[in-house]
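# Working through the structure, step by step
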Amino acid sequence: MALGYNIAMKKLFKAFSIVFILVFFSIFGYYYHMQEKLIFMCKRLAHHHEYAFETPFEEVHLTHENGETINGIHFFHKNPKGVIYYLHGQGNHLDHWGKRAEEYVAFGYDVFVIDYRGFGKSTDNLTEKNLMTDSLMGYQYLKERYNENEIVLHGVSLGTAMASFVASHHNPKMCILVSPYFNMIETAHYNKPVLPRFVLRVILKYHLRTDTWIGNCKCPLYIFHGTKDRLIPYAQSEMIMASLEDTRVSPTLYTLEDCGHNHVHKNVEYLAQVKKLLE
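Residues numbered from 1 in each chain as written. Predicted model: local features only at pLDDT ≥ 70, side-chain atom pairs only at ≥ 80, totals over all residues. Heavy atoms only, no water.

## A word on the packing of aromatic side chains
One pass over the structure, following the stated rule, counts 15 aromatic pairs. Ring geometry for F53 and F57: centres 5.2 Å apart, planes at 85 degrees, overall edge-to-face. (Phe/Tyr/Trp six-rings, centres within 6.5 Å; stacked < 30°, edge-to-face > 60°.)

Now the structure itself:
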């Protein structure tokens, strides 16, 4: 009886192990192949699409050495104090983000915003390296037209990693991060706690290490984060602040009480503080 019981248990354990492995690799495969859609939620625009904004603007096409292009919108103020380089978040394209960026002209600045490759009219070739090189190319475009001390970096959500990366390579007037994340591993684990961090390190093609780049920021750094952010928790800004304690970077964290992820740009305290910073 004992022998038969042991054989049955071994078969059951083997069957359970096979099912567990199949389920694990199914989940592994799903998130690996779907991560671009889950992280970026890119939307494309036809190349003949015509933008319509209330503020005077110029459509810009920047070309990489390999011929791939990034599409941008350059808004103009009558008497600009400088330019805001607006690095946008996930989803949509410049038809949406242009309207959001356009609002910052009211602070007395020109505004420049790009679609990274994979978004809008830009070449459809999304990689982490391309996100960074696109952001650097946009900054170089501005350096050729403005003094560097007139350039304000402004990263929003997904774009905070790119803003941190650019700030680590250049020296703009200041860098403003809105709802930043520590890195994509921490953010993915928060949103998908079923996936352990060691699994995420393997399957994620996009680590977006804000925590690594931000320590090399040479300009004044200002962080805004809502306490009711359900996509990127406020705790991630606290983690960024803690990581900078032993560096030369002296950031300021503005806590937006009861503010969620998608409503920071309408928050009265946020608008008041940004206006002061940009005066």
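## A word on helix α2 (residues 94-102)
Working note: α-helix, 3.6 residues per turn, so residues spaced by three or four point in the same direction. Burial in α2 covers these residues: L94, W97, G98, R100, A101 and E102. Lining the buried residues of α2 we find β2 (69-75), β3 (83-87) and β4 (110-115). (Buried < 20%, exposed > 50% of the residue type's maximum accessible area, 1.4 Å probe, protein only. Helix = DSSP H or I, 4+ residues; strand = E, 2+ residues; numbered from the N terminus. Contact = heavy atoms within 4.5 Å.)

## Looking at the pairing of strand β7 (residues 221-226)
On any regular strand, side chains alternate: one points to one face of the sheet, the next to the other face. Across the six residues that make up β7, a large majority, six, are buried. Side-chain alternation along β7 places L221, I223 and H225 on one buried face and Y222, F224 and G226 on a second face that is also buried. Direction of pairing for strand β6 (residues 174-178) relative to β7: parallel, over a ladder of four bridges. Paired with C175 across the bridge in β7 is L221. Sheet topology note: the β7/strand β8 (residues 252-256) ladder contains five bridges and is parallel. Bridging across to β8, F224 finds its partner in Y254. For the crossover that starts at β7, traverses helix α8 (residues 234-243) and ends in the parallel β8, the hand is right-handed. (Pairing = 2+ DSSP bridges. Right-handed = clockwise from strand over helix to strand, strands pointing away.)

## Observations regarding the layout of surface pockets
When its volume is computed, the largest pocket comes out at roughly 390 Å³. Taken together, 19 residues form the lining of the largest pocket, with L38, I39, M184, A188 and N191 sitting closest to its centre. Contributions of two or more residues to the lining of the largest pocket are made by α1 (2-39), α5 (184-191) and α6 (197-203). For the lining of the largest pocket, the class distribution of residues is 13 nonpolar, five polar and one charged. Surrounding the second largest pocket, 21 residues form its lining, W97, R100, V156, H261 and N262 being those nearest its centre. Among the secondary structure elements, those contributing two or more residues to the lining of the second largest pocket are α2 and β5 (151-156). Examining the composition of the lining of the second largest pocket, we find that three residues originate from one element, α2, more than from any other. (1 Å grid on protein atoms, 1.4 Å probe; cavity = no way out; pocket = protein on both sides within 12 Å on 5 of 7 lines; lining within 4 Å. Points joined across faces, edges and corners; volume = space filled by probe spheres on them. Nonpolar A, V, L, I, M, F, W, Y, C, P; charged D, E, K, R; others polar.)

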